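One-letter residues, chain by chain:
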Amino acid sequence: MTLYTFDKDPAGAGKSVCISVVNQSAEIALHIPRLRRYARALTGERATADDLVQDTLERALNKFHLWRQGSDLRAWLFTIMHNVYVNQLRSSAHTRHEELTEEALEAAQPARQTDMLEMRDLDTALRKLPDEQREIVLLVGLEQLSYEEAAKALGVPIGTVMSRLSRARERLRCIMAGLPEVAALKVVK
Amino acid sequence: MSRLPVTETDLHAYVDGALPEAHRAEVAAYLAARPQEAGRVQAYRQQNEELRRLFDPVLDEPVPERLQAVLTPRPRFSPLRYAAAVAWMALGGAIGWQVSDMQQTAPANSAAFARQAAIAHVVYSPEVRHPVEVGADQEAHLVSWLSKRLGTDVRAPQLNSVGYGLVGGRLLPGDSGPVAQFMYQDGRGQRLTLYVRTNTESNRETAFRFAEEKDVGVFYWVDGKLGYALSGEVAKDELLRVATAVYKRLNP
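Small disclaimer: the values here were computed from a predicted structure and weren't measured.

### Here we look at the overall build of chain A
Argument step 1. Of regular secondary structure, chain A possesses nine helices and one strand.
Argument step 2. Secondary structure elements of chain A occur, N-terminal to C-terminal, as β-α-α-α-α-α-α-α-α-α.
Argument step 3. The buried share among the 189 residues of chain A stands at 44%.
Argument step 4. Considering only contacts within chain A whose residues lie at least 6 apart along the sequence, 64% involve residues at least 24 apart.

### Considering the overall build of chain B
Argument step 1. For chain B, the count of helices and strands is 10 helices and seven strands.
Argument step 2. Counting only residues that meet the buried cut, chain B has 54% of its 252 residues in that class.
Argument step 3. In chain B, the proportion of contacts linking residues at least 24 apart, taken out of those at least 6 apart, comes to 57%.
Argument step 4. Here chain B displays about 11,700 Å² of accessible surface, and carbon together with sulfur accounts for 52% of that area.

### Considering the packing of aromatic side chains
Any pair of aromatic rings gets described here by the distance separating the centres and the angle formed by the planes.
Residue and element names in this part refer to chain B.
Argument step 1. Applying the stated rule across the entire model yields seven aromatic pairs over all chains.
Argument step 2. Ring geometry for Phe-113 against Tyr-195: centres 5.6 Å apart, planes inclined by 40°, an arrangement best described as tilted. Linking Phe-113 in helix α8 (residues 108-124) with Tyr-195 in strand β4 (residues 191-198), this pair joins segments that are 82 residues apart in sequence. The burial state of Phe-113 is the same as that of Tyr-195; both residues are buried.
Argument step 3. Summarising the aromatic geometry, the rings of Phe-210 and Phe-219 are spaced 4.7 Å apart at their centres and angled 40° between planes, so their arrangement reads as tilted.

### Regarding the pairing of strand β5 (residues 208-213) of chain B
Residues and elements named next belong to chain B.
Argument step 1. For β5, a buried count of six out of six residues is recorded, marking the element as mostly surrounded by other parts of the structure.
Argument step 2. Inspection of the sheet shows β5 paired to strand β6 (residues 216-223) by five bridges, in the antiparallel sense. Within β6, the position partnered with Glu-213 by the bridge is Val-216.
Argument step 3. In this structure, the hairpin formed by β5 and β6 is closed by a connection of two residues, where Lys-214 is found at a positive phi of approximately 50°.

### Re the nonpolar core
As a rule of thumb, soluble globular proteins bury nonpolar side chains together.
Argument step 1. With 62 residues, the main nonpolar core has Ile28(A), Leu57(A), Trp76(A), Leu126(A), Ile136(A), Val137(A) and Leu138(A) as its most contacted residues.
Argument step 2. With eight residues, the single largest contributor to this core is helix α4 (residues 73-90) of chain A.
Argument step 3. Residues in contact with Trp76(A), not counting those within four places in the same chain, are Ala60(A), Lys63(A), Phe64(A) and Trp67(A).
Argument step 4. Among the nonpolar cores identified, the runner-up in size contains 34 residues, and Leu142(B), Leu146(B), Leu192(B) and Leu239(B) belong to it.

### Details of helix α2 (residues 32-43) of chain A
All names here are of chain A.
Argument step 1. Between its terminal C-alpha atoms α2 stretches 16 Å, which fits the 16 Å expected from 12 residues at 1.5 Å a residue.
Argument step 2. Burial of α2 is extensive: 10 of the 12 residues sit out of reach of the surface.
Argument step 3. Listed as buried for α2 are Ile-32, Leu-35, Arg-36, Arg-37, Tyr-38, Ala-39, Arg-40, Ala-41, Leu-42 and Thr-43.
Argument step 4. Of the residues one or two after α2, Gly-44 is the one with positive phi, at around 80°.

### Things to note about the environment of Lys236(B)
Argument step 1. You can see Lys236(B) is positioned in helix α10 (residues 236-250).
Argument step 2. On the accessibility criterion, Lys236(B) (7% relative accessible area) is buried.

### Quick look at the environment of Ala38(B)
Residues and elements named next belong to chain B.
Argument step 1. Within the secondary structure, Ala-38 sits in helix α3 (residues 35-55).
Argument step 2. Exposure remark for Ala-38: the relative accessible area of 26% places this residue in the partly exposed category.
Argument step 3. Distance in space between the C-alpha atoms of Ala-38 and Ala-28 is 8.7 Å, their sequence separation being 10 residues.

### Some thoughts on unusual backbone geometry
Argument step 1. The backbone of Gln144(A) sits at a positive phi, close to 55°, despite the residue not being glycine.
Argument step 2. Its place among the elements puts Gln144(A) in the loop between α7 (131-141) and α8 (147-154).

### Here we look at the pattern of salt bridges
Pairing between side chains of opposite charge can happen when the charged atoms of each approach one another.
Argument step 1. Applying the stated criterion to the full structure yields 19 salt bridges over all chains.
Argument step 2. Among the salt bridges present, the one from Arg74(A) reaches Glu143(A), with a minimum N-O distance of 3.3 Å. Residue Arg74(A) is located in helix α4, and its partner Glu143(A) is located in the loop between α7 and α8; the two are separated by 69 residues in the primary sequence. Of the two residues, Arg74(A) and Glu143(A), both sit in the buried class.
Argument step 3. When salt bridges that share partners are traced, they join Arg34(A), Arg37(A), Arg74(A), Glu143(A) and Asp56(B) into one network.

### Examining helix α2 (residues 21-32) of chain B
All names here are of chain B.
Argument step 1. Over its 12 residues, α2 extends 17 Å from the first C-alpha to the last, a length consistent with the 16 Å expected when each residue adds 1.5 Å.
Argument step 2. Three or more residues of α2 are buried, namely His-23, Glu-26, Val-27, Tyr-30 and Leu-31. Buried positions in α2, seen along its axis, are confined to an arc of 135° and lie on one side of it. The outward face of α2, more than 90 degrees from its buried face, is lined by the exposed residues Glu-21, Ala-22 and Ala-32.
Argument step 3. Check the buried side of α2 and you find it contacts α1 (8-15) and α3.

### Digging into the confidence of the model for chain B
Residue and element names in this part refer to chain B.
Argument step 1. Looking at chain B as a whole, its pLDDT mean stands at 83, while 83% of the residues score no less than 70.
Argument step 2. Mean pLDDT per element in chain B: helix α7 (residues 99-105) is the minimum at 40, and α3 is the maximum at 95.
Argument step 3. Residue range residues 74-82 is modelled with pLDDT below 50. Its contacts to residues more than four positions away, or to other chains, number 14 contacts.
Argument step 4. Confidence drops under pLDDT 50 across residues 96-106; counting only partners more than four residues distant or on other chains, this segment forms 20 contacts.
Argument step 5. Across the interfaces of the predicted complex, the ipTM metric reaches 0.73, alongside a pTM of 0.51.

### What to know about the confidence of the model for chain A
All names here are of chain A.
Argument step 1. In the predicted model, chain A carries a mean pLDDT of 75, and 67% of its residues have values of at least 70.
Argument step 2. Between residues 1-22, whose pLDDT stays under 50, and residues either more than four places distant or in other chains, the model counts 56 contacts.
Argument step 3. Low confidence marks residues 92-116, where pLDDT is under 50. Its contacts with residues over four positions away, or in another chain, come to 20 contacts.

Thresholds applied
- Residues numbered from 1 in each chain as written.
- Chains lettered and ligands numbered in written order.
- Predicted model: local features only at pLDDT ≥ 70, side-chain atom pairs only at ≥ 80, totals over all residues.
- Heavy atoms only, no water.
- Helix = DSSP H or I, 4+ residues; strand = E, 2+ residues; numbered from the N terminus.
- Buried < 20%, exposed > 50% of the residue type's maximum accessible area, 1.4 Å probe, protein only.
- Contact = heavy atoms within 4.5 Å.
- Areas by Shrake-Rupley, 256 points an atom, 1.4 Å probe, with all protein chains shown as cover.
- Phe/Tyr/Trp six-rings, centres within 6.5 Å; stacked < 30°, edge-to-face > 60°.
- Pairing = 2+ DSSP bridges.
- Core = buried A, V, L, I, M, F, W, Y, C linked by side-chain atoms within 4.5 Å.
- Expected span 1.5 Å × (residues − 1).
- Salt bridge = Lys/Arg side-chain N within 4 Å of Asp/Glu carboxyl O.
- Arc of directions from axis to C-beta.
- pLDDT = per-residue confidence, 0-100.

Structure below.
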């Protein structure tokens, strides 16, 4: 809310500045589908994911004045979602809810049996990753953020992004291939 | 051709299509000679593809109502029977985040007052059938009733000279007791509301203050025993013009 103080003299009104609220809601709304996709992959559950998106949207509206006009709104929203997510993980009150609605069942894609198993495997394997590794593999692999954008969204140096990404992908590969994890990766530079 | 060592970072950038053309060829050549590394890179590529296959369908799902609701705080076009309840919650939330801003420039008490006035405006001004409890045709009764409930003389200023006619008024609950709301309307159906409460500030008189949330502007001030807030979805200059008229009418 913008506040102004005036004399009760209407002549003083000329000095007033009217800040028009940009159509922030509409701009943010464009990104909801992608935020939902990322949240779904991150949490693995529809209701929890939409809770996360809702909290993210509320926070984005609150903080919209901090967004630098012209910068990438989507990357900024991912930053907010990351912060909200981390806060939720920290709060012990955070519980996971599972919901299996008819809608969710319908949303399941028809797929060949092997595809289905493979896809489930990847989803299952994702759940076995530490949160920080799951975040990076999704931001880069699913959301196709650049390494720089991912580093910004997660608030870590790019070197950390690369080492987490490397560990996450190798871990996923091993889980899916039923291999014990290989510790000896090439040194990340 | 000089062969730079291929790093783990290069392999990931290769997977993610983030390598410059020249370097990409180098990595491809490197992998061609190392089937084990190539297998690993291939597995990473498949992870990316499968992630998209797995989660892209979410993009096509309809956005749940509750998420849209976060971004559409003012349900002007929702069914009237729900309008009041929804507007209270939605606008309350929307304005809530800005109270901290307001507190920096105005006493918390009066900032909350402006907020309440804005909410009451949004709740009642879209009403078609029941915008007021007591219509302007019973103005004398309206004024004496509200004066009695507020415990002090309340007047509904005549604003015909600035283009707004009285529609009527209603009694509302405020933080510290009853509050009166008068509704005005111009020839095009544009509505303004004047929210009046007994003054709880120490000031006996304040300047006009202006608060704005989305399209709702609020001029509010204290004058003697009463605090006033004029709200409307009109240009600020227009609202100021009317607020000035209200003030002059009440202080002839």
